[in-house]
Amino acid sequence: MARFFDVHPQDPQPRALGQVVDLLQDGALIAYPTDSCYALGAQLGNRKALDRIRTIRQLDDKHHFTLMCSNFAQMGRFVEMSNTVFRSLKAATPGSYTFILKATSEVPKRLLHPKKKTVGVRIPDHRVVQALLAELGEPLLSTTLLLPDEDEPLTQGWEIKERLDHQVDAVIDSGECGTEPTTVVDFSSGVPEVVRVGMGDPSPFE
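Attention in this report is confined to the structure presented alongside it. This structure is a prediction, so every number in the text was calculated from the model and none was measured.

1. Quick notes on the packing of aromatic side chains
- Overall, the coordinates contain 6 aromatic pairs when judged by the stated rule.
- With a centroid separation of 5.7 Å and 65° between ring planes, the pair formed by phenylalanine 99 and phenylalanine 205 is classed as edge-to-face. Of this pair, phenylalanine 99 sits in strand S5 (residues 97-102) while phenylalanine 205 sits in the segment after strand S10 (193-196); the two residues are 106 residues apart in sequence, bridging distant segments of the chain.
- A relative accessible area of 0% means that phenylalanine 99 is categorised as buried.
- For phenylalanine 205, a relative accessible area of 5% corresponds to the buried category.
- Three or more aromatic residues joined by ring pairs form one cluster here, namely Tyr97, Phe99, Phe187 and Phe205.

2. Re unusual backbone geometry
- A cis amide bond links threonine 93 to the next residue, proline 94, at an omega of 0°.
- Position of proline 94 relative to the elements: it lies in the loop between helix H4 (83-92) and S5.
- With a phi close to 55°, glutamine 58 is a non-glycine residue in the positive phi region.
- Here lysine 117, not a glycine, exhibits a phi torsion of approximately 60°, which is positive.
- Mapped onto the elements, lysine 117 comes out in the loop between S5 and strand S6 (118-122).

3. Concerning the side chain of histidine 63
- With respect to the helices and strands, the residue histidine 63 is situated in the loop between helix H2 (47-57) and strand S4 (66-68).
- Not counting residues up to four positions away in its chain, the partners in contact with histidine 63 are Arg57 and Thr143.

4. Here's the deal with the environment of lysine 116
- Examined against the element boundaries, lysine 116 turns out to sit in the loop between S5 and S6.
- By relative accessible area, which is 38% here, lysine 116 ends up partly exposed.
- A sequence separation of 14 residues divides lysine 116 from lysine 102, and the C-alpha atoms of the two residues are 7.6 Å apart.
- Not counting residues up to four positions away in its chain, the partners in contact with lysine 116 are Lys102 and Asp186.

5. Quick look at the pairing of S5
- Of all 6 residues that make up S5, 5 are buried, and the element is covered over most of its length.
- For S5 and strand S9 (residues 183-186), the ladder comprises 4 bridges, and the chain directions are parallel. Residue pairing across strands places phenylalanine 99 opposite valine 185, the latter belonging to S9.
- Relative to S6, S5 is paired through 4 bridges, and the arrangement is antiparallel. When the sheet's bridge partners are listed, lysine 102 is paired in S6 with threonine 118.

Each value, and the rule that gives it
- Residues numbered from 1 in each chain as written.
- Predicted model: local features only at pLDDT ≥ 70, side-chain atom pairs only at ≥ 80, totals over all residues.
- Heavy atoms only, no water.
- Phe/Tyr/Trp six-rings, centres within 6.5 Å; stacked < 30°, edge-to-face > 60°.
- Helix = DSSP H or I, 4+ residues; strand = E, 2+ residues; numbered from the N terminus.
- Buried < 20%, exposed > 50% of the residue type's maximum accessible area, 1.4 Å probe, protein only.
- Contact = heavy atoms within 4.5 Å.
- Pairing = 2+ DSSP bridges.

Bear in mind that shape data such as this cannot, by itself, settle questions of function.
If you want it as structure tokens, here you go:
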């Protein structure tokens, strides 16, 4: 049965986030709100949680997982960025964008696209997530919480708790979340390619 954390959206309680981080470090899979929509999250090296995410979402090995990062210093350990790409990303973050980039050796191989050796990264504009990442001290392995055969992600914490009670270990609720996932921009070739239009304005990358 999943634990339920009711967290203030603007002033998240450190004690609650500390408990969530303890669960993550013990191998938990969580559902949490972001600046676009709800996501599933786990610690970076958690192989079992990765398998659980694949099962819940019915994902194949070509799915791009995302590293939810707190800042560029953290992001820079996990992906390769030229100065030009860095400037483009800097102008658009934090925000509702996911960027696909070549991964460094710091990223576990099982998270990479099998042929491209790429991974998704993003810096969210969401106080609860930023506070959670600060407490965790490392990126959070993430993917949109979009269930198979459904057109939109779930938006309410209580509904996620109800539907995924035996598939996730914790649910963070900080109020109603959006239904639109991030805009995804692939920079792996060095030039931007918008591969999904979502919350973030795609025009700077078109």
